[in-house]
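Spelled out from the first residue to the last, the chains are:
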Amino acid sequence: DLTAVVSMMDSGGSTGRLRDEFGFLPPGDARRCLIALSPDTSMLRNLFAYRFSKGTGLNGHNLGNLLLTALRDITGAEESAIQEASKILNVKGKILPVTTRHCHLGAVLENEQVVVSETNIDIPRHDAGLRIKELFLAPRPPKAYEGAVKSILEADKIVIGPGDLYTSIIPNLLISGIPEAIKESKAKKIYVC
C-alpha cells in the first residue's frame, strides 16, 4: 500500500516549458512516479517515458508530461490528472502532489547571492563552488496538499529520498504542514541518501 508524495518544484526541461506555457504545476516528478509504480511493462509505460528528439515544438518534450498536461486541462486539477494517469497505467499505490500551490525554489548562497528556480540551483549558472546557505520557497509558505498530510499521518513507514538533497528532498520539507506531519506521525522514518 504505497503512497508517493511528489515534489512540485521542478522547473527544468520539458516540465519547465509546460509549467511556463500552461501555468500548471510541473508534471515531471509525478510522471516518474507513475512509471515507477506501474507494473505494466508494455508499450504504454514506454510511451509515458518517451522523449521527442526532433520537431519544432516537440523537441525535448516528454510524452508523459504532455499527457499529464492534457489530463490537467481536461480534469481541472493536478491531483485529478495524476489519478486518471494512474488508472491508465494501472498504478499500484497512490501518487499525491506535496502541494497544489505554485511555488519556486530559491537558494541563498554563502556570498548572499540569491538564485531562484530549481533548475538554476541544480545546473548552476553561478559559481558552483559556493555553498548553499539557505533554501526557500516563493511565495512563502505554500500549504501542503491535504491528501499528502493525511497519508503521512496514516503511514507505517515514511521513506524520504532518494534524490538531490537541495532540489528534491529539502523542498518538500519547506512546505507548510509537511514537517509537522512527519514529526507528528508515529511511522518509522527512513532517509535514503
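Everything discussed here concerns the structure shown above.
Residues numbered from 1 in each chain as written. Predicted model: local features only at pLDDT ≥ 70, side-chain atom pairs only at ≥ 80, totals over all residues. Heavy atoms only, no water.

Examining the environment of Lys189
So, point 1. Mapped onto the elements, Lys189 comes out in strand β7 (residues 188–191).
So, point 2. Through-space distance from the C-alpha of Lys189 to that of Pro141 is 24 Å; in sequence the pair is 48 residues apart.
So, point 3. If near-sequence neighbours (up to four positions away) are discounted, Lys189 is found in contact with Ile158, Ile182 and Lys183.
So, point 4. A distance of 3.2 Å separates a polar atom in the side chain of Lys189 from the backbone oxygen of Ala187. (Helix = DSSP H or I, 4+ residues; strand = E, 2+ residues; numbered from the N terminus. Contact = heavy atoms within 4.5 Å. Polar contact = N/O pair within 3.5 Å; in protein donor to acceptor, adjacent residues only side chain to side chain.)

Looking at the packing of aromatic side chains
So, point 1. One pass over the full model with this rule turns up 2 aromatic pairs.
So, point 2. With a centroid separation of 5.1 Å and an interplanar angle of 85°, the aromatic rings of Tyr50 and Phe52 are classed as edge-to-face.
So, point 3. Taking relative accessible area as the criterion, Tyr50 reaches 39% and is therefore assigned partly exposed. (Phe/Tyr/Trp six-rings, centres within 6.5 Å; stacked < 30°, edge-to-face > 60°. Buried < 20%, exposed > 50% of the residue type's maximum accessible area, 1.4 Å probe, protein only.)

So, the nonpolar core
So, point 1. Counting 23 residues, the largest nonpolar core has Met9, Leu105, Ile121, Leu137, Ile152, Ile175 and Ile178 as its most contacted members.
So, point 2. Looking at this core, the elements with two or more residues in it are β3 (104–109), β5 (132–138), α7 (146–154) and α9 (178–184).
So, point 3. Once residues within four sequence positions are removed from consideration, Met9 is found in contact with Arg19, Pro26, Val98, Cys103, Leu105, Glu118, Leu137, Pro171, Asn172 and Ile175. (Core = buried A, V, L, I, M, F, W, Y, C linked by side-chain atoms within 4.5 Å.)

Thoughts on the pattern of salt bridges
So, point 1. The tally for this structure, following the rule as stated, stands at 5 salt bridges.
So, point 2. Residue Lys87 pairs with Glu84 through a salt bridge whose shortest N-O separation is 3.1 Å. With a gap of 3 residues between them, Lys87 and Glu84 both fall in helix α5 (residues 78–88), about one helical turn apart.
So, point 3. Residue classification places Lys87 among the exposed residues on the basis of a relative accessible area of 60%.
So, point 4. Owing to a relative accessible area of 31%, Glu84 belongs among the partly exposed residues under this scheme.
So, point 5. Here Lys133 makes a salt bridge to Glu112, at a shortest N to O gap of 2.3 Å. With Lys133 in strand β5 and Glu112 in the loop between β3 and β4 (114–116), the pair connects residues that are 21 residues apart, well separated along the chain. (Salt bridge = Lys/Arg side-chain N within 4 Å of Asp/Glu carboxyl O.)

Considering α5
So, point 1. Those residues of α5 not exposed but buried are Glu78, Ala81, Ile82, Ala85 and Ser86. The buried residues of α5 all sit within an arc of 140° when viewed along its axis, so they share a single face.
So, point 2. In this fold, the buried residues of α5 make contact with α2 (28–36), α3 (43–49), α4 (63–75) and β2 (94–97). (Arc of directions from axis to C-beta.)

Section: the packing of α4 against α5
So, point 1. As a packed pair, α4 and α5 sit with axes 8 Å apart at the nearest point and diverge in direction by 120°. Put simply, α4 runs oblique to α5. As for the relative orientation of α4 and α5, their crossing is right-handed in sense. Residues Leu68, Leu71, Arg72 and Thr75 of α4 pack against Glu78, Ser80, Ala81, Ile82, Glu84, Ala85 and Ile88 of α5.
So, point 2. Here the residues of the contact of α4 with α5 are counted per class, giving 6 nonpolar, 2 polar and 3 charged. (Axes fitted to C-alpha atoms, helices over the stretch in contact; angles between N-to-C directions. Parallel < 35°, antiparallel > 145°, perpendicular 65-115°, else oblique. Left-handed = near helix turned anticlockwise from the far one by under 90°. Nonpolar A, V, L, I, M, F, W, Y, C, P; charged D, E, K, R; others polar.)

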